[in-house]
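Analysis of the macromolecular model
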Amino acid sequence: MSVVKHRGFSAAARATGVEKTRLSQRIAALETRLGVRSLQRSTRRIALTEAGQRFYAHSQAAVEGAHAAYEGIANRRREPAGTVRLTCPQVMAENYLAPILPSYLVDHPKVDLILESTDREVDLLDGRFDLALRPSVQIEETLGMVAQPLGTARRILVASPGYLGRSGHPAGPGALSTYDTLCQPEEAVDGQPRWHLNGPEGAAVALQLKPRFVTNDMRLLQEVACRGFGVAMLPEPVVAAVLEAGTLLQVLPEWTGDLHRIHLFYHSPRGMLPSVRSLIDQLMAHLPACLEAPAGGRAQAVGGAPLSLRDDTGPRSRGR
């Protein structure tokens, strides 16, 4: 194309920096592959044959399309633009991301954000998502992924006022073995649900449980606790609003579980688009503060009303 565009081998060589003999060899190789002559040559000028004109027209469209595609990607690399896909559990979307994402969208008008809130663990390696926000006590390394810690939260014991009114407040962690408990599957060790609690002056206990209800959905676990079905252990930021509203009460405040750790998973930073980087920066800048915000501040930031669930119909604890 350069030879035709610049009307000669010498001019094309000067424009492209490719030697004249190499350009001639490439044209000859192309004609051999096509099986037809593409250029009529003389000592003073060149001209396209009919076959050469058709090939040139199609080639020009292809090259222009490639240039447009390149420019489109280059523009996206200059400023945040395009679509970013994020996944996280539903309860984290409600409690952690709701105060953060609206301002991100205002600051980045060319970015479209797709958030899938699901309690199943999503494999980022399948290419459907750019980022995943995940809570866990322990994080296992995923090959080829970056796990960026964003913050931690205490996991506290909670129960509804109605349940504690019927069952009484436990005198210590050992007494919880006679209470209905509400657990998450990852709290099991060797198939047996256990709570590891840390207390005053470095005290620690491991409680073997016979849970009344088990789910990996923290939002559902909170609602079941609010309805008076037992004692649950949940991250403090998750239950902050219902604690402030009095729908749940903290049980054994001096005893807490292992830290609830929040990690952001994403692909290698090499070649990362500015749109993805901008959301990572936003979460790293604001999520730790959201985790540390007082209950009232978080409820106001999220803009939602605390849960109002009756707790006078739940069962009494076992063995009491």
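Residues numbered from 1 in each chain as written. Predicted model: local features only at pLDDT ≥ 70, side-chain atom pairs only at ≥ 80, totals over all residues. Heavy atoms only, no water.

- Per an unreviewed UniProt entry, the protein goes by Transcriptional regulator and derives from Thioflavicoccus mobilis 8321.
- Its UniProt record, at the heading Sequence similarities (unreviewed entry), says of the protein: "Belongs to the LysR transcriptional regulatory family." (UniProt positions renumbered as here; feature names shortened; annotations may be inferred.)

**Let's talk about the pattern of salt bridges**
- A full pass over the atoms with the stated rule returns six salt bridges.
- Each of Glu-94, Arg-219 and Glu-223 takes part in one network of salt bridges that share partners. (Salt bridge = Lys/Arg side-chain N within 4 Å of Asp/Glu carboxyl O.)

**Concerning the packing of aromatic side chains**
- Under the counting rule described, the total for this entry stands at one aromatic pair.
- When the ring centre of Phe-265 is taken as reference, the NZ or CZ atom of Arg-134 above it lies at 4.8 Å. (Phe/Tyr/Trp six-rings, centres within 6.5 Å; stacked < 30°, edge-to-face > 60°. Lys NZ or Arg CZ within 6 Å of the ring centre and 35° of its normal.)

**Description of the nonpolar core**
- Residues Leu-131, Leu-133, Val-239, Ile-262, Leu-264, Leu-279 and Leu-287 are the most contacted members of the largest nonpolar core, which totals 40 residues.
- With seven residues, helix α10 (residues 274-292) is the largest single contributor of residues to this core.
- Two domains each donate at least three residues to this core, and these are domain 2 (82-149 + 262-302) and domain 3 (154-260).
- Non-local contacts of Leu-264, meaning those with residues more than four positions away in its chain, are made with Leu-131, Ala-132, Leu-133, Val-146, Ala-147, Gln-148, Leu-150, Ile-280 and Leu-283.
- Leu-157, Leu-176, Trp-195 and Leu-207 belong to the second largest nonpolar core, which has 16 residues in total. (Core = buried A, V, L, I, M, F, W, Y, C linked by side-chain atoms within 4.5 Å. Buried < 20%, exposed > 50% of the residue type's maximum accessible area, 1.4 Å probe, protein only. Helix = DSSP H or I, 4+ residues; strand = E, 2+ residues; numbered from the N terminus. Domains from an automatic or database assignment. Contact = heavy atoms within 4.5 Å.)

**Focus on unusual backbone geometry**
- One non-glycine residue, Glu-201, lies in the positive phi region at around 55°.
- By the secondary structure assignment, Glu-201 is in the loop between β9 (192-198) and β10 (204-208).
- A relative accessible area of 86% places Glu-201 in the exposed class.
- One non-glycine residue, Leu-252, lies in the positive phi region at around 45°.
- Within the secondary structure, Leu-252 is located in strand β13 (residues 249-267).
- What makes Leu-252 buried here is its relative accessible area of 7%.

**A few points about the pairing of strand β3 (residues 82-88)**
- Most of β3 is tucked away, with five of its seven residues classed as buried.
- Note: β3 against strand β4 (residues 111-117), seven bridges, orientation parallel. Paired with Leu-86 across the strands is Leu-115, a residue of β4. (Pairing = 2+ DSSP bridges.)

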